[in-house]
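Structural overview for review
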Amino acid sequence: FFTEARAANDIRHPNVVEITDIGQMGEIHYIVMSFLEGETLGERLERSRILDEDTTVRIVRQVASALAAAHEHGIVHRDLKPENIFLLNHPDYPDYVKVLDFGIAKLMVPSDPEAARATMAGTILGTPAYMSPEQCRGQTELDHRSDIYSLGVVLYEMVTGVVPFRRASLADLILAHLHERPVPPIDLNPKLSKHSNDAILRALEKDPALRFGSMRELRDAIENLARPARAAAAESAEE
């Protein structure tokens, strides 16, 4: 229960939800977090379905920055999804992000022997639509590249309105993550730039070695997502 509190407090990043206290009252354990006003990315997508590239860049670069800090502290989130990305009602910074729920976070280099044994081999933890192939295989030695895949799924959904793989059964969904190539997002959203399409597909590579090398590398690519489209628009305007 306290893994979430310890993990979030260790990160200390402005885009990670703040844990202000942890404790116990009788048999009840509790975590006190900052009160957040706004909506989750999941709620935004239910309302808007597809987000424009500028909004996508604004949100995802903050998520990537938060997760890069987590990875530097040896923490893999392992349950990244729109419901765990909160968009604050901030008067000066629209869509100010707080990453939530490090409840099943895995310490890559745990200092606590009990934490190292907390996850058994072959146990699938996470939300199936957003799980990496490594998670689908029940691997326990996950690294930062698993979160990169999950963020790729979130990115795909933000710009197309659907997740890469939708199947009727959990078994078929796991097989899709393991073996099927996603439909290129540009096929579903022709307005998407080729730069965006290629970055998303790279994040969704089955082989972790073919994904971005770090969350910061993904963040840098995300920050460049809309630039080719803007440049093309500027050239058209000049003509």
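Summarised in this report is the structure supplied together with it. (Residues numbered from 1 in each chain as written. Predicted model: local features only at pLDDT ≥ 70, side-chain atom pairs only at ≥ 80, totals over all residues. Heavy atoms only, no water.)

1. Describing the overall build of the chain
The line we're drawing: By definition, any uninterrupted DSSP run of H or I lasting at least four residues is a helix, any uninterrupted run of E lasting at least two residues is a strand, and each is numbered from the N terminus. Relative accessibility thresholds used throughout: buried, under 20% of the residue-type maximum; exposed, over 50%; partly exposed, between the two (1.4 Å probe, protein chains only). Should any heavy atoms of two residues lie within 4.5 Å, those residues are counted as being in contact. To be clear on the numbers: accessible area is Shrake-Rupley with a 1.4 Å probe, and residue cover counts the displayed protein chains and nothing else.
The helix and strand inventory of the chain stands at 11 helices and seven strands. Each of the 239 residues in the chain was classed as buried or not, and the buried ones make up 49%. Long-range pairs, those at least 24 residues apart, make up 66% of the contacts in the chain with a sequence separation of at least 6. Roughly 11,900 Å² of accessible area belongs to the chain as shown, and the carbon and sulfur atoms make up 52% of that amount.

2. Let's talk about the pattern of salt bridges
Put simply, the rule is: For salt bridges, the criterion is a side-chain nitrogen of Lys or Arg within 4 Å of an Asp or Glu carboxyl oxygen.
Under the counting rule described, the total for this entry stands at 14 salt bridges. Of the charged contacts in the structure, one is a salt bridge between Asp-95 and Arg-44, with a shortest N-O distance of 2.8 Å. Of the two residues, Asp-95 sits in the loop between strand 5 (85-88) and strand 6 (96-99) while Arg-44 sits in helix 2 (residues 41-48), which places them 51 residues apart along the sequence. An identical accessibility class is assigned to Asp-95 and Arg-44; each is buried. As a salt-bridge pair, Arg-167 and Glu-180 come within 2.3 Å of each other at their nearest N and O atoms. Here the residue Arg-167 occupies a position in the loop between helix 6 (144-160) and helix 7 (170-179), and Glu-180 occupies one in the loop between helix 7 and helix 8 (185-188), the gap between them amounting to 13 residues. In this structure Glu-180 comes out as partly exposed when scored by relative accessible area, which is 34%. Through salt bridges with shared partners, one network takes in Glu-39, Arg-44, Arg-47, Arg-58 and Asp-95.

3. Re the side chain of Glu-39
Put simply, the test is: What qualifies as a polar contact is a pair of N or O atoms within 3.5 Å, subject to a donor-acceptor requirement within protein and to the restriction that residues adjacent in sequence count only when both atoms come from side chains.
By secondary structure assignment, the location of Glu-39 is in strand 3 (residues 38-40). Residue classification places Glu-39 among the buried residues on the basis of a relative accessible area of 14%. In terms of polar contacts, Glu-39 uses its side chain to reach the side chain of Arg-47, at 2.7 Å. For Glu-39, the contacting residues outside a window of four places in its chain are Arg-44, Arg-47, Ile-85, Phe-86 and Leu-87.

4. Notes on the nonpolar core
Stated formally: Residues enter a nonpolar core if they are buried and are Ala, Val, Leu, Ile, Met, Phe, Trp, Tyr or Cys, with the set joined through side-chain atoms within 4.5 Å.
Counting 53 residues, the largest nonpolar core has Leu-41, Ile-59, Val-63, Ile-85, Phe-102 and Leu-151 as its most contacted members. The element best represented in this core is helix 3 (residues 53-72), accounting for 10 residues. Among all residues touching Leu-151, those that are not within four sequence positions of it are Val-60, Val-63, Ala-64, Leu-80, Met-215 and Leu-218. With five residues, the next largest nonpolar core counts Val-17, Leu-36, Phe-86 and Leu-100 among its residues.

5. Let's talk about the packing of helix 6 against helix 10 (residues 215-223)
Where we set the bar: Every axis corresponds to a line fitted to the C-alpha atoms, with the helix fit spanning only the stretch in contact, and the corresponding angles, defined between N-to-C directions, vary from 0 to 180 degrees. When describing relative orientation, an angle under 35 degrees is termed roughly parallel and one over 145 degrees roughly antiparallel, while 65 to 115 degrees is termed roughly perpendicular and anything else oblique. Helix crossings are classified by the rotation of the near helix relative to the far one: an anticlockwise turn of less than a right angle makes the crossing left-handed, while a clockwise turn makes it right-handed.
Running from amino to carboxyl end, helix 6 crosses helix 10 at an angle of 25 degrees, the nearest separation of the two axes being 10 Å. Taken together, the axis directions place helix 6 and helix 10 in an arrangement best described as roughly parallel. Considering only the axes of helix 6 and helix 10, their crossing is right-handed. Contacts from Asp-147, Ile-148, Leu-151 and Leu-155 of helix 6 reach helix 10 at Met-215, Leu-218 and Ile-222.

6. A few points about the packing of aromatic side chains
Using the following cut-off: Pairing of aromatic rings covers Phe, Tyr and Trp, the last counted by its six-membered ring, and requires centre-to-centre distances within 6.5 Å; plane angles under 30 degrees mean stacked, over 60 mean edge-to-face, and any other angle means tilted.
One pass over the structure, following the stated rule, counts one aromatic pair. Centre to centre, the rings of Tyr-93 and Tyr-96 are 6.3 Å apart; their planes meet at 55 degrees, and the pair counts as tilted.

7. What about the pairing of strand 5?
Side chains on a regular strand alternate between the two faces of the sheet. Formally: Strand pairing is assigned whenever DSSP identifies at least 2 bridges connecting the two strands.
Side-chain alternation along strand 5 places Ile-85 and Leu-87 on one buried face and Phe-86 and Leu-88 on a second face that is also buried. Bridge analysis of strand 3 against strand 5 gives three bridges, and the strand direction is antiparallel. When the sheet's bridge partners are listed, Thr-40 is paired in strand 5 with Phe-86. Of the pairings in the sheet, the one linking strand 5 to strand 6 comprises four bridges and is antiparallel in character. Within strand 6, the residue paired with Phe-86 across the bridge is Lys-98.

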